[in-house]
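# Structure at a glance
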Amino acid sequence: MNVVDKGIEAVAAGAREYLTFRLGQEEYGIDILKVQEIRGYEAPTRIANAPPFIKGVINLRGTIVPIVDMRLRFACTQAEYNSLTVVIILNLRERVVGIVVDSVSDVMELAPEQVRVAPDIDSAIDAQCIRGLGSVGERMLILLDIERLMSGSDMGLAAA
């Protein structure tokens, strides 16, 4: 079986690709189809009275993009901005949003049998925004429904 056949078989089986990133010690995954691009971190222009996790906005080729620091959003300890800090630009329906993460790991393909239901526990993330937990060998990924997370009323982002 060649690579193309394996790819077609994976799609038929319902496998999905996730961009994985780190926030502190945790590793998260988001649907690769929501990712527009990955950029190095640049200080955004601050917006008055925005929630603390909204760092501000950047001008991305004529589009004003709000930047959300996921470390602050998930109540992680404050991390330093360094050469590994990146902004993942997301394309969510007709909205473009950037999220600041510690680092991007890689793109992983997960078959349905590699994804488990997340336990129902109190956390900084609404349980509705977690698609499940993906496991690849010893790695455990928290799979986010990034569109639902970014459209939550607590995000402070007005509807597009």
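Residues numbered from 1 in each chain as written. Predicted model: local features only at pLDDT ≥ 70, side-chain atom pairs only at ≥ 80, totals over all residues. Heavy atoms only, no water.

Rules: UniProt positions are given in the numbering used here, feature names are shortened, and annotations may be inferred rather than shown by experiment.
Per an unreviewed UniProt entry, the protein chain carries the name Chemotaxis protein CheW and comes from Alicycliphilus denitrificans. Recorded in UniProt under Subcellular location (unreviewed entry), the annotation for the protein chain is "Cytoplasm".

## Focus on the pattern of salt bridges
Keep this limit in mind: One side-chain nitrogen of Lys or Arg within 4 Å of one carboxyl oxygen of Asp or Glu is enough to make a salt bridge. Only DSSP runs of H or I covering at least 4 residues are called helices, and only runs of E covering at least 2 are called strands; the numbering of each starts at the N terminus.
A complete count under the given rule lists twelve salt bridges for this structure. Here R16 ties to D31 by a salt bridge, and the two come within 3.9 Å at their closest N and O atoms. One end of the pair, R16, is in strand β1 (residues 16-23); the other, D31, is in strand β2 (residues 26-31), and 15 residues separate them in sequence. Across the pair R139 and E27 runs a salt bridge, and its minimum N-O distance is 2.4 Å.

## Points about the pairing of strand β10 (residues 130-136)
Stated precisely, the cut-off is as follows: Two strands qualify as a pair provided that DSSP identifies no fewer than 2 bridges between them.
Summarising the sheet, strand β9 (residues 115-116) and β10 pair through two bridges and their orientation is antiparallel. Bridge pairing links R116 to L133 in β10. With six bridges connecting them, β10 and strand β11 (residues 139-144) associate as antiparallel partners. Residue pairing for β11: G134 is matched across the bridge by L141.

## Things to note about the sheet that holds β2
Here six strands make up an open sheet; going across it, the order is β8-β1-β2-β11-β10-β9 and the pairing mixed. Either end of the sheet is taken by a strand with one partner, and the two such strands are β8 (103-110) and β9.

## A short note on the pairing of strand β5 (residues 63-69)
Selection rule: Residue exposure (1.4 Å probe, protein chains only): buried if accessible area is under 20% of the type maximum, exposed if over 50%, otherwise partly exposed.
Counting buried residues in β5 gives five out of seven residues, a clear majority hidden from the surface. Two elements, strand β4 (residues 54-60) and β5, share six bridges in a ladder whose sense is antiparallel. Bridge pairing in β5 links N59 to I64. If you look at the hairpin formed by β4 and β5, you'll find two residues sitting between the two strands, and R61 has a positive phi there, around 50°.

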